[in-house]
Amino acid sequence: MTKPLTIVWFRQDLRIADQPALRRAVDRGGVIPVYIWAPEEEGDWPLGGASRWWLHHSLASLDEQLRERGSRLIIRRGPTQAMLDGLLEETGATAVYWNRRYEPAAIERDKQVKATLLSRGVPAESFNGSLLHEPWTVVTKQGGPYQVFTPFWKACLTADVRHETLPTPREVTSPAKWPKSLSLDELELLPSIPWDAGFYNAWNVGAPAAERRLQQFISEAIARYHEDRDRADVDGSSLLSPHLHFGELSPRQVWTAVEKELAKSQALKSKSGKGAEVFLKEVGWREFAHHLLYHFPQTPTEPLREQFRHFPWRRSQQDLRAWQRGQTGFPIVDAAMRHLWVTGYMPNRMRMVVASFLTKDLRLPWQRGAEWFWETLVDADLANNTLGWQWTAGCGADAAPYFRVFNPTMQAEKADPDGEYIRRWVPELAKLPTKRLREPWTATAEELAAAGVQLGMNYPPPIVDHHEARDAALAAYEKIRAS
Ligand SMILES: Cc1cc2nc3c(=O)[nH]c(=O)nc-3n(C[C@H](O)[C@H](O)[C@H](O)COP(=O)(O)OP(=O)(O)OC[C@H]3O[C@@H](n4cnc5c(N)ncnc54)[C@H](O)[C@@H]3O)c2cc1C
């Protein structure tokens, strides 16, 4: 008897290891691994340019991993329902499996696909491949969603859940005949202008690279994570965010690998456990972000805190452009924005600094910042990005209060004490003495001349006065608070 065939619909789970949909399909029989490109089904948030770059390379890597196991990846261009229907008919497959997503548009689409398949008698099953705790499994005593991180995370940690990974299939059985596939290039995911050159230096895409990165982070950096994660000048964090977003690595894989390290450090009575604990808490923020997005699906565009609907945001295309291009005249902000443009990444502390600058110093809407990050981050993630922007703007759940305005100079002193980060990304200021580097407008004419800096010519003067801008932001906040 021939084995039943299952279509595995890959999405943000581009891996073989700890892949529930694939594992179940392999156990059932033959497998047709499929990726369907349907950007028009992503609602207001079709993939940005940097994410499309990542996706291209991640799909190539997934195909390679499948081929090593005797299989391959079939690529189709949407709409999803029609593509799945076509494949079921062409191949004789009798079931469709996938791992769940949590973005509002994806949930809607998936529900419809599932209902349609089931109504035709095709078993359609979805699994949890992306989270430790799915959003509806963690509820307050009153049965509602959490809006504060600490009790949310406490509830997760005390939940009776074991984060075990699934065995990786050694072989993935092929169908007797492969259906047709588009070539990856036909999806045209790579940018037509070469702004991605720096991405190639910065990243190794795909699950094997993600697993290596995780091991390297655990053995080399996790012990110092709690101290280094806020530094801009050293790679103090894991750099796993794009791998986690595209599901090249599951959070269960991360969790079990780190727990192993924690157990080791406890046995050795070493202090390295502190870094591991703080790191797992950050993975917890990712869980919290998905919890919030699921329960408050309007938040990618609407503030969670209602009063912020009436906030008097400014409108200035010119200031927005200066921020996007790293031309604000505030070197730490400009360094971070250029870092983002060149590599598709920015460290967490820098994301907070530039987001505070946009929403408080420039008083531009946080949604404009979220959109730019969406386009330029390789780890652009609707849940994490929404949480990050609403947190910094002060209008989200468990957010920094609006009156907390980051001072760019002080942030630069802490995150980049020797000025290495600024010198790297804003090379026109590299020759300034460190104490002037953060505030070139305070340098004397001689210092500027000696460093070859001409303010207004090869580097802009600051586009706002930070102290005046801070006062104006606080006054605007007082107005909505009073109303
Ligand atoms: C304005 C703003 C926008 C952001 N946009 C995104 C985004 O689009 N995509 C994204 O993945 N992260 C986003 N973050 C969160 C965070 O900055 C990144 O996850 C982190 O910098 C990625 O680097 P890392 O992998 O080295 O993180 P690590 O510090 O090593 O953390 C490990 C993992 O935990 C998760 N994580 C860490 N911090 C957070 C956080 N604050 N919120 C949610 N998850 C977190 C990530 O998956 C990360 O890979 C944003 C933060 C801010 C302030």
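Residues numbered from 1 in each chain as written. Predicted model: local features only at pLDDT ≥ 70, side-chain atom pairs only at ≥ 80, totals over all residues. Heavy atoms only, no water.

Trainee: Which parts of the structure should I look at to understand the site of the ligand?
Mentor: In the vicinity of the ligand, 29 residues are found, and the nearest of them are Tyr225, Ser237, Ser238, Leu239 and Asn348. A distance of 3.0 Å is found between an oxygen atom of the ligand and a backbone nitrogen or oxygen belonging to leucine 240. Measuring from an oxygen atom of the ligand, one finds a side-chain N or O atom of asparagine 348 at 2.7 Å. Here the ligand has 820 Å² of accessible area as a free molecule, and 96% of this is covered by the chains. (Near = heavy atom within 4 Å. Polar contact = N/O pair within 3.5 Å; in protein donor to acceptor, adjacent residues only side chain to side chain. Areas by Shrake-Rupley, 256 points an atom, 1.4 Å probe, with all protein chains shown as cover.)

Trainee: Can you help me understand the nonpolar core in this one?
Mentor: What tends to happen in soluble globular proteins is that the nonpolar side chains get buried as a cluster. Ranked by size, the top nonpolar core spans 96 residues in total, and within it Val254, Phe279, Phe288, Trp323, Val333 and Met350 carry the most contacts. In terms of residue count, the dominant contributor to this core is helix 11 (residues 273-295) (10 residues). Two domains share this core, each providing at least three of its residues, namely domain 2 (131-165 + 207-295) and domain 3 (306-482). Of all hydrophobic cores here, the second largest spans 35 residues; its members include Leu14, Trp37, Tyr97 and Val172. (Core = buried A, V, L, I, M, F, W, Y, C linked by side-chain atoms within 4.5 Å. Buried < 20%, exposed > 50% of the residue type's maximum accessible area, 1.4 Å probe, protein only. Helix = DSSP H or I, 4+ residues; strand = E, 2+ residues; numbered from the N terminus. Domains from an automatic or database assignment.)

Trainee: Mind showing me how you'd approach unusual backbone geometry here?
Mentor: Note on backbone geometry: most residues besides glycine have negative phi, and most peptide bonds are trans. The residue after glycine 78, namely proline 79, is reached through a cis peptide bond having omega 0°. Relative to the elements of secondary structure, proline 79 occurs in the loop between strand 3 (74-77) and helix 3 (80-91). For leucine 239, which is not a glycine, the phi torsion comes out positive at approximately 60°. Checked against the element boundaries, leucine 239 lands in the loop between helix 8 (225-228) and helix 9 (241-245). What makes leucine 239 buried here is its relative accessible area of 16%.

Trainee: So what exactly am I meant to see when it comes to the packing of aromatic side chains here?
Mentor: The description of two aromatic rings rests on the distance between their centres and on the angle between their planes. For the structure shown, the criterion picks out 35 aromatic pairs. Between the aromatic rings of phenylalanine 149 and phenylalanine 288, the centroid separation amounts to 5.7 Å while the plane-to-plane angle is 65°, which identifies the pairing as edge-to-face. Here phenylalanine 288 lies in helix 11 and phenylalanine 149 lies in helix 5 (residues 149-158), a separation of 139 residues in the sequence. Of the two residues, phenylalanine 149 and phenylalanine 288, neither departs from the other in class, the shared state being buried. (Phe/Tyr/Trp six-rings, centres within 6.5 Å; stacked < 30°, edge-to-face > 60°.)

Trainee: How should I be thinking about the domain arrangement of the chain in this particular structure?
Mentor: Interface size is often expressed as the accessible area that is lost when the parts come together. Each domain of the chain was delimited in the assignment, giving domain 1 (5-129), domain 2 (131-165 + 207-295) and domain 3 (306-482). Between domain 1 and domain 2, the residue contacts involve 20 residues of the former and 23 residues of the latter. Roughly 1800 Å² is buried in total at the junction of domain 1 and domain 2, and carbon and sulfur atoms are behind 57% of that figure. By the criterion of area lost to domain 2, the three top residues of domain 1 are Asp18, Trp54 and Tyr102, representing 39% of everything that side buries. (Contact = heavy atoms within 4.5 Å. Buried area = accessible area lost by both parts, 1.4 Å probe.)

Trainee: When you look at the side chain of histidine 243 in this model, what are you seeing that I'm missing?
Mentor: Within the secondary structure, histidine 243 is located in helix 9. Side-chain polar atoms of histidine 243 contact the side chain of glutamate 248, separated by 2.6 Å. Each residue touching histidine 243, except ones within four places of it in the same chain, is listed here: Trp54, Asn204, Gly206, Ala210, Glu248 and Leu249.

Trainee: Just to check I follow, could you spell out the pairing of strand 5 (residues 124-127) for this structure?
Mentor: Put simply, side chains in a regular strand alternate between the two faces of the sheet. Relative to strand 5, strand 4 (residues 95-99) runs parallel, the two sharing 4 bridges. Within strand 5, the position partnered with valine 96 by the bridge is alanine 124. You can see the chain leave strand 4, run along helix 4 (residues 104-119) and come back into strand 5, and the turn it takes is right-handed. (Pairing = 2+ DSSP bridges. Right-handed = clockwise from strand over helix to strand, strands pointing away.)

Trainee: Where do I start with the pattern of salt bridges in this structure?
Mentor: Pairs can form between side chains of opposite charge once their charged atoms are near each other. By the definition in use, this model includes 27 salt bridges. Put simply, lysine 111 and glutamate 108 hold a salt bridge, and the shortest N to O gap is 3.9 Å. Placement of the pair is lysine 111 and glutamate 108 together in helix 4, with a separation of 3 residues, close to one helical turn. You can call lysine 111 exposed: its relative accessible area is 51%. Arginine 349 serves as the salt-bridge partner of aspartate 230, at 3.5 Å between the closest nitrogen and oxygen. You can see aspartate 230 sitting in the loop between helix 8 and helix 9 and its partner arginine 349 sitting in helix 14 (residues 348-361), a full 119 residues away along the chain. The exposure class of aspartate 230 is partly exposed, given its relative accessible area of 26%. By sharing partners, the salt bridges in this structure join Arg11, Glu41, Arg109 and Asp110 into a single network. (Salt bridge = Lys/Arg side-chain N within 4 Å of Asp/Glu carboxyl O.)

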